[in-house]
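As a plain string of letters, each chain reads:
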Number of protein chains: 2
Amino acid sequence: MPDILRREDIAFLLYDFLDLEGLSELPHFADADRSVYDAILESVEKIAEDRYQPHAQKLDANEPAFDGERVHIIPEVKQALDAYVDAGLMGASFDADYGGLQLPYLLQTAISAWFSAANWGTSGYTGLTVAAGNLLAEHASDAQKDRYLRPMVEGRYFGTMALSEPHAGSSVGDIRTRAEPQEDGSYRLFGNKMWISGADHEMSENIINLVLAKIPGSPPGVKGISLFIVPRYLVNEDGSRGARNDVRLAGLNHKMGCRGTVNCVLNFGDKDGAVGYLIGAPNAGLQYMFSMMNEMRIGVGLSAAALAETGYLHALTYAKDRTQGRKLTDRDPQTPMVPIIEHADVRRMLLQQKAYAEGAMALCFYAARLADEKRAGDPAAQEKATALLDILTPIVKSWPSEFGLRANEIAIQVFGGAGYTRDYPVERFYRDNRLNHIHEGTRGIQGLDLLGRKVPMNGGAPIRTLIGEMQTTMHEARAIPEFVEFADRLEKAVNLATETTLTMGGKAEQLGQEAYLADATIYLDMLGHVVVAWIWLRQALVASGKQAHEGDDAVSSGKIMACRYFFRYELPAIEAQCALLSSLDTTCLDARVDVL
Amino acid sequence: MPDILRREDIAFLLYDFLDLEGLSELPHFADADRSVYDAILESVEKIAEDRYQPHAQKLDANEPAFDGERVHIIPEVKQALDAYVDAGLMGASFDADYGGLQLPYLLQTAISAWFSAANWGTSGYTGLTVAAGNLLAEHASDAQKDRYLRPMVEGRYFGTMALSEPHAGSSVGDIRTRAEPQEDGSYRLFGNKMWISGADHEMSENIINLVLAKIPGSPPGVKGISLFIVPRYLVNEDGSRGARNDVRLAGLNHKMGCRGTVNCVLNFGDKDGAVGYLIGAPNAGLQYMFSMMNEMRIGVGLSAAALAETGYLHALTYAKDRTQGRKLTDRDPQTPMVPIIEHADVRRMLLQQKAYAEGAMALCFYAARLADEKRAGDPAAQEKATALLDILTPIVKSWPSEFGLRANEIAIQVFGGAGYTRDYPVERFYRDNRLNHIHEGTRGIQGLDLLGRKVPMNGGAPIRTLIGEMQTTMHEARAIPEFVEFADRLEKAVNLATETTLTMGGKAEQLGQEAYLADATIYLDMLGHVVVAWIWLRQALVASGKQAHEGDDAVSSGKIMACRYFFRYELPAIEAQCALLSSLDTTCLDARVDVL
């Protein structure tokens, strides 16, 4: 049985749920069609199985090590990355102008899902390179793109993003790395960066660090941050590799999970300064960085979903194979034991994982399609996609991080004691997935972004657009008798979420912004559940339509079953959350620190 | 700041909440008083700090290893265990007849909490020995106690419990290890055991394995299981160590957490059979084992609570030290950053941990006091304690395992990226704690035990006794104005839980036992939340009474604050669970396996 991902599930998401082929009708994506997509997906699945998955456990047990001179990584990682590059995958979503295949981000998302699920540690290097490359594509000069982006698209250079510093993580406005302007127009950078994934290794010809720093005399806080290209090796005029830049590894972080992706403390300017090249205008660095934040955060949610899904598939296989006990109705101890999937509690644990993992995956794929529409759709589609992405991004990042982790926790439970050992990968998925609530904006930051920025944005336009989409889905669902229950439940949930949002906004005027935002994380969870319920209903509608035309198929029946589970077992949890949120309770805000 | 446990908290539980001194009035415990308890607790705290905590990280990174001949464990473990034994702690709760101090199990529970929190891996060896010793004390013959229990109480022998086999974990009735009777009255055991903690090492003179096996010709299933003493080394008539018994280590399990406690696959009878001695009557083995199950399961819940509490204390210290960002009301990026405990979301995460960890700890201590009453109280107290332990044990085992783990997950979040590294212990607590839902009866087994056995037991007497206790607490709470809200909320929750239980029982008659038990795990969570809310209100009442007499103190104010948090933020979650449970939904029971 497949245990990375299931190709029929991915096909359902891409072709049935999200009409990937429809994107080929947009001029920007007109050069490819389903035959191209399918060929790529086939090659991706093969590389994931043959090159990524086999060394995942070994990589976890043998994390990158620094001997004081260089970082050592087991050779299978480079072999896997070479296979990825050789298949042309590094350029999948980049524009043809820079050597890319100019394919939809939706397809890129499916590609990433396969590699994240097969071996998240190894997949980190290419994911970071694509993200850094996207930033260059969007904001760098043509000369910079020629020099740095092209070799990234070719897979010769890898990329990183360097934001955090030891004293400044969430509080990015407080970074201290400084960039001194030079007469030749370049800069010299001095400072320390922390948590930089992929920033030191020997697996690529060069590493292009995209670094946030402050030019002396800039405004304080976030308004005075600029973005620089700081390559590990300087690049000569002819594109050949030049001298080592003054950026050095100070040490590695040793993590609970995600051990395969080297994570670094970097020193800039221990000698005479690290050479850096300004991207765009001074002091606009954070804005550039945030222009890519949607896709970076979709990427985080996606990896959480992919880890959840592969954990689920491992648990499903185990539950069908492992025998233990008998049906409750069978009191004879001499009958054979039954596969544990026959026990209701195990089925519940499997359905719960399926609802979390596949709900999260569908949400991330949906967001990726919105990103394609925002990029290449007509103006009306762009506007709508922008609004939806604005409101959904914190949820796309956080909901899978929360419930994907929960799914991995449950996968261990299905395995019992075996799942708690390193003989099976489910404990690794669990350790890996714990990172996703932390990086690229913590859970708390996402809550503040959603409730503090996105909900009030443009007079509430994004959330109204979202609710409009949900109403369309409810309307469609009412045409199918067995879905009326779901439409009713979704309507109730949407009304409750709306009332809660309005009540909170109204009370905020008297009680102030701190009280309004005190439980923003709970609001994030609550609205996330409503969104995922809607995503499940949309999937169920597509599945039902497919079955009406093509007859029963396992994927479609499974989607409808998981949809039912989500509406009955999960969505009602929002009622208690809404009651709490509506009260603008200040128990936490007012907590006495001295008695905690 | 203290980071293992806080002695004031433990003192609050023992003396204020649970009246440990009152137990000294029972004849069985009359030989000790508070001065003895305090002296022991002081020595425990010191050993935990000086001998247990310092090597916890090293032990995690250097787990026990088997070279094919013997198991190697870092020497600090034996040094710590020696300190434990030298302080006389191994005998704390054993009867004076066998060399013990005959102290209340409640005190033993506080001792265990300190060592579990300081270093769970190392504490496993003594915890298992105490559990095995208790079983011998209860069911072994006098001669067996002299030969095996005395040296355990002295700390010369360690103990294990060997139930599971590779093919039979939860389904213990299916074990295959057989015990062939010999002419001399002993037995020879043949078979394989799995997941046996502490079963092979060189740190004690002998290891006494208590092994479940079947005597040929016994009835099938659980009714044909007997219990045997199978020492690692045979013991000569004079008590000296004899020949090596035919029980051999087949291999070690390599776990995600709890790495310090060696966990073994054992072969019995590779040569001519492992010598075993029957405890009590044939075929009564499971009954003997289960007579100790209450205390074993309290022990699991306690370790989950202790890991949660120490994680909370680490997070609390970090949140006071680490600066990041500014208050929402401060828009000036040039003011100094504030400690993260100033942020509402961090306070919420701390209160949530406190409510989970200290709620779980209080629940386990309460159960330990019930165990003392069951053992040594007057007949009426014994009867009541028995009923309460019957209904509470599955909750005492599972609720801390669920919400203690959640607390550790949140502790990592408070630390952010730092918490995800092995530089801080919170990731280790999280890995350790994941075991507690699995061993000594999985979460699913606990749900079936609660809803299938304990709720219907004696016509519902245990749950009625529990509700009676809760009503007393509500009545007391109504006398304090600020607690009326909690009494109202608890009353609503108790009524809802009661209605739900009755509705489920009623529908079970039509829909059958499988439907009744399909969501037993959710029932377990639901009733657990009601119980912990009640435990919080009881603690708050004690704290309030203390403050009325002695003025404000930090521990009492903290308890009342956490009680408020639990009632407002956590307890309302049961409403959705009760609605689902009352419907006896069969979505999971009827799930189509072919489309999962």
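Given the structure is predicted, the values throughout are model-derived calculations rather than measurements.

Thresholds applied
By convention here, each chain's residues receive numbers from 1 onward along its written sequence. As a convention, the first chain written is A and the first ligand written is 1, with the rest following in written order. In keeping with the predicted nature of the model, local features appear solely for residues at pLDDT of at least 70, side-chain atom pairs appear and are counted solely at 80 or more, and the whole-chain, interface and lining totals rest on all residues. As a rule here, side-chain values come from all non-hydrogen atoms in the structure, and water together with hydrogens is ignored. Each helix corresponds to a stretch of at least 4 residues labelled H or I by DSSP, and each strand to a stretch of at least 2 residues labelled E; elements are numbered beginning at the N terminus. Contacts are assigned to residue pairs with any non-hydrogen atoms lying within 4.5 Å of each other. Here a polar contact means two N or O atoms within 3.5 Å. Within protein one must be a hydrogen donor candidate and the other an acceptor candidate, and residues neighboring in sequence count only if both atoms are side-chain atoms. By nonpolar core we mean a set of buried residues, namely Ala, Val, Leu, Ile, Met, Phe, Trp, Tyr and Cys, connected to one another through side-chain atoms within 4.5 Å. Per-residue accessibility, obtained with a 1.4 Å probe over protein chains only, is compared with the maximum for each type, and a residue is labelled buried under 20%, exposed over 50%, and partly exposed between these values. To line up the copies, we fit them by least squares on C-alpha atoms, keeping just the residues with pLDDT of at least 70 in both. Ring geometry is summarised as follows: Phe, Tyr and Trp rings, the Trp one being its six-membered ring, pair when their centres sit within 6.5 Å, and such pairs are stacked at plane angles under 30 degrees, edge-to-face over 60 and tilted between the two. Only when the NZ atom of a Lys or the CZ atom of an Arg is both within 6 Å of the ring centre and within 35 degrees of the ring normal do we say a charge sits over the ring. Strands were regarded as paired on the criterion that DSSP finds at least two bridges between them. Buried area: the accessible area, evaluated with a 1.4 Å probe, that two parts lose upon being put together, summed over both parts. One speaks of a salt bridge when a side-chain nitrogen belonging to Lys or Arg is within 4 Å of a carboxyl oxygen belonging to Asp or Glu. Ten residue types, Ala, Val, Leu, Ile, Met, Phe, Trp, Tyr, Cys and Pro, are classed as nonpolar, four, Asp, Glu, Lys and Arg, as charged, and the remainder, Gly among them, as polar. For every residue, the predictor reports its confidence as pLDDT, a number between 0 and 100.

1. Considerations on the environment of A:Thr261
All names here are of chain A.
Next, step 1: Tracing the backbone through its elements, the reader meets Thr261 in the loop between β10 (247–252) and β11 (263–268).
Next, step 2: A sequence separation of 140 residues divides Thr261 from Gly121, and the C-alpha atoms of the two residues are 4.7 Å apart.
Next, step 3: Those residues in contact with Thr261, other than ones at most four positions away along the chain, are Trp120, Gly121, Gly124, Tyr125, Leu128, Ser197, Gly198 and Lys255.
Next, step 4: Looking at Thr261, its side chain comes within polar contact range of the main-chain oxygen of Gly121, at 2.6 Å.

2. Remarks on the nonpolar core
Next, step 1: A:Phe365 and B:Phe365 are the most contacted members of the largest nonpolar core, which totals 440 residues.
Next, step 2: What B:Phe365 contacts, discounting residues up to four positions off in sequence, is B:Ile10, B:Leu13, B:Leu14, B:Leu18, B:Leu106, B:Thr109, B:Ala110, B:Ala113 and B:Leu302.

3. Examining the relation of the copies chain B and chain A
Next, step 1: For the pair chain B and chain A, the relating rotation is 180°, the translation along its axis is 0.0 Å, and the fit reaches an RMSD of 0.0 Å. Expressed as an axis order, the relation between the two copies is that of a two-fold axis. Looking at the rotation axis and the C-alpha trace of chain B, the residue lying nearest is B:Ala573, at 3.3 Å.

4. A look at the packing of aromatic side chains
Residue and element names in this part refer to chain A.
Next, step 1: Going through the model one piece at a time under the given rule, you end up with 31 aromatic pairs over all chains.
Next, step 2: One aromatic cluster is present, built from ring pairs that chain together Tyr356, Trp399, Phe403 and Phe566.
Next, step 3: Looking at Arg244, its charged tip hangs above the ring of Tyr233, at a distance of 5.6 Å from the centre.

5. A few points about the pairing of strand β12 (residues 274–278) of chain A
Residue and element names in this part refer to chain A.
Next, step 1: Of all five residues making up β12, four are buried, and the element is well covered by its neighbours.
Next, step 2: Where strand β5 (residues 187–197) meets β12, three bridges bridge the pair, whose relative direction is antiparallel. In the strand pairing of β12, Arg188 is matched with Val275.
Next, step 3: In this sheet, β12 lies alongside strand β7 (residues 226–231) in antiparallel orientation, the contact comprising two bridges. When the sheet's bridge partners are listed, Ile229 is paired in β12 with Tyr277.

6. As for the interface of chain B and chain A
Next, step 1: Across the boundary between the two partners, chain B contributes 95 residues, which contact 95 residues of chain A.
Next, step 2: Contact between chain B and chain A buries roughly 8100 Å² in total, counting both sides, with carbon and sulfur atoms accounting for 60%.
Next, step 3: Looking at the side of chain B facing chain A, the largest losses of area belong to B:Tyr420, B:Arg422 and B:Leu596, adding up to 12% of the total buried there.
Next, step 4: Taking the shortest distance from any N to any O, the salt bridge between B:Glu409 and A:Arg406 comes out at 3.1 Å.
Next, step 5: Scanning the region where chain B abuts chain A turns up 51 residue pairs in polar contact (both at pLDDT 80 or more).
Next, step 6: Looking at the side of chain B that touches chain A element by element, the count peaks at eight residues for helix α19 (residues 554–570) of chain B.
Next, step 7: Classifying every residue of the side of chain B that touches chain A by side-chain character gives 39 nonpolar, 25 polar and 31 charged.

7. Observations concerning the confidence of the model for chain A
Next, step 1: Mean pLDDT over chain A stands at 97; residues scoring 70 or higher make up 100%.
Next, step 2: Listed scores for the predicted complex are pTM 0.98 and ipTM 0.98.

8. So, the side chain of A:Thr473
Residue and element names in this part refer to chain A.
Next, step 1: Its place among the elements puts Thr473 in helix α15 (residues 461–477).
Next, step 2: In terms of polar contacts, Thr473 uses its side chain to reach the side chain of Trp534, at 2.8 Å.
Next, step 3: If we skip the residues at most four places from it in the chain, Thr473 touches Trp534, Leu537, Arg538 and Leu541.

9. Here's the deal with the pairing of β11(A)
Residues and elements named next belong to chain A.
Next, step 1: With respect to burial, β11 is a largely interior element, six of its six residues being buried.
Next, step 2: Burial of the side chains of β11 extends over both faces: Asn263, Val265 and Asn267 are buried on one face and Cys264, Leu266 and Phe268 on the other.
Next, step 3: When β5 meets β11, the two strands line up antiparallel, connected through five bridges. Looking at β11, one finds that Lys193 is bridged to Leu266.
Next, step 4: Looking at chain direction, β10 and β11 are connected through five bridges and run antiparallel. In the sheet register, Leu249 faces β11, and the bridge partner there is Leu266.

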